[in-house]
Amino acid sequence: MKMSKLTVLLLSVVMLFAFSTASSANTPLNHTDTVTGQGDILITGTAYFSNSPPAGVIFADVYRIVNGVEEYVTSSRSNIYTNPSVVNYTITFNTSFAQGTYKIKYSYAGSLVDMTTYARFV
């Protein structure tokens, strides 16, 4: 009886661990942009996917750099659900940014292989 309860408990732990890692909402990319200015930030670029049709999301988190410390400001994303496996995307924010230096960190969900970015104030 104790052995079956222990087996069920261990199986539950393994399943929880497996599902929590498999359903990760986004994967960080080893890619950041830094922009200095004020106003609206616009990000454009090209995303390359391994599967056709491509399906995924590109996330952009914006941090303001104040005295060398990153302070989270906002985030946005671009949903991609179209052919072909190379897609142009645009990310905009519902925020007007004050004068300063901002670091943009990217992450994704889906079959993204690589991407280019062009972040700027407009």
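Below you will find a few notes about this structure. (Residues numbered from 1 in each chain as written. Predicted model: local features only at pLDDT ≥ 70, side-chain atom pairs only at ≥ 80, totals over all residues. Heavy atoms only, no water.)

Looking at the overall build of the chain
And step 1. Counting its secondary structure elements, the chain contains one helix and eight strands.
And step 2. Starting at the N terminus, the α and β elements of the chain follow one another as α-β-β-β-β-β-β-β-β.
And step 3. Split into buried and exposed, the 122 residues of the chain put 33% on the buried side.
And step 4. Put simply, the chain shows about 7800 Å² of open surface, and 56% of that area lies on carbon and sulfur atoms. (Helix = DSSP H or I, 4+ residues; strand = E, 2+ residues; numbered from the N terminus. Buried < 20%, exposed > 50% of the residue type's maximum accessible area, 1.4 Å probe, protein only. Areas by Shrake-Rupley, 256 points an atom, 1.4 Å probe, with all protein chains shown as cover.)

Considerations on the nonpolar core
And step 1. The biggest cluster of nonpolar side chains holds 22 residues, and the ones touching the most others in it are Ile41, Ile43, Tyr89, Phe93 and Ile104.
And step 2. For this core, the elements supplying multiple residues, two or more each, are β2 (41-49), β3 (56-66), β5 (86-92), β6 (97-110), β7 (112-115) and β8 (118-121).
And step 3. The element best represented in this core is β6, accounting for five residues.
And step 4. In this structure Ile43 touches Ala60, Tyr89, Thr90, Ile91, Phe93, Ile104, Tyr106, Tyr118 and Ala119, once residues within four positions along its chain are discounted. (Core = buried A, V, L, I, M, F, W, Y, C linked by side-chain atoms within 4.5 Å. Contact = heavy atoms within 4.5 Å.)

Quick look at unusual backbone geometry
And step 1. With a phi close to 50°, Asn67 is a non-glycine residue in the positive phi region.
And step 2. Of the residues examined, Asn67 reaches a relative accessible area of 80% and is grouped as exposed.

As for the pattern of salt bridges
And step 1. All told, the structure shown has two salt bridges when counted by the stated rule.
And step 2. Of the charged contacts, one joins Lys103 and Glu70 as a salt bridge, the two residues approaching to 3.0 Å between their closest N and O atoms. Of this pair, Lys103 sits in strand β6 while Glu70 sits in strand β4 (residues 69-80), placing them 33 residues apart in sequence.
And step 3. Classification of Lys103 by relative accessible area gives partly exposed; the value is 21%.
And step 4. Among the residues examined, Glu70 registers a relative accessible area of 34% and is labelled partly exposed.
And step 5. Salt bridges linked by common partners bring Glu70, Lys103 and Lys105 together as one network. (Salt bridge = Lys/Arg side-chain N within 4 Å of Asp/Glu carboxyl O.)

As for the pairing of β5
And step 1. The alternating pattern of β5 places Val87, Tyr89 and Ile91 on a buried face, while none of Val86, Asn88, Thr90 and Thr92, on the opposite face, is buried.
And step 2. As judged from the seven bridges shared by β2 and β5, these two strands associate in the antiparallel manner. Bridge pairing in β5 places Ala47 opposite Val87. (Pairing = 2+ DSSP bridges.)

Concerning the side chain of Ser78
And step 1. Assignment of secondary structure puts Ser78 in strand β4.
And step 2. When sequence neighbours within four positions are dropped, the list of residues in contact with Ser78 reads Gly56, Val57, Ile58, Tyr89, Thr90 and Ile91.

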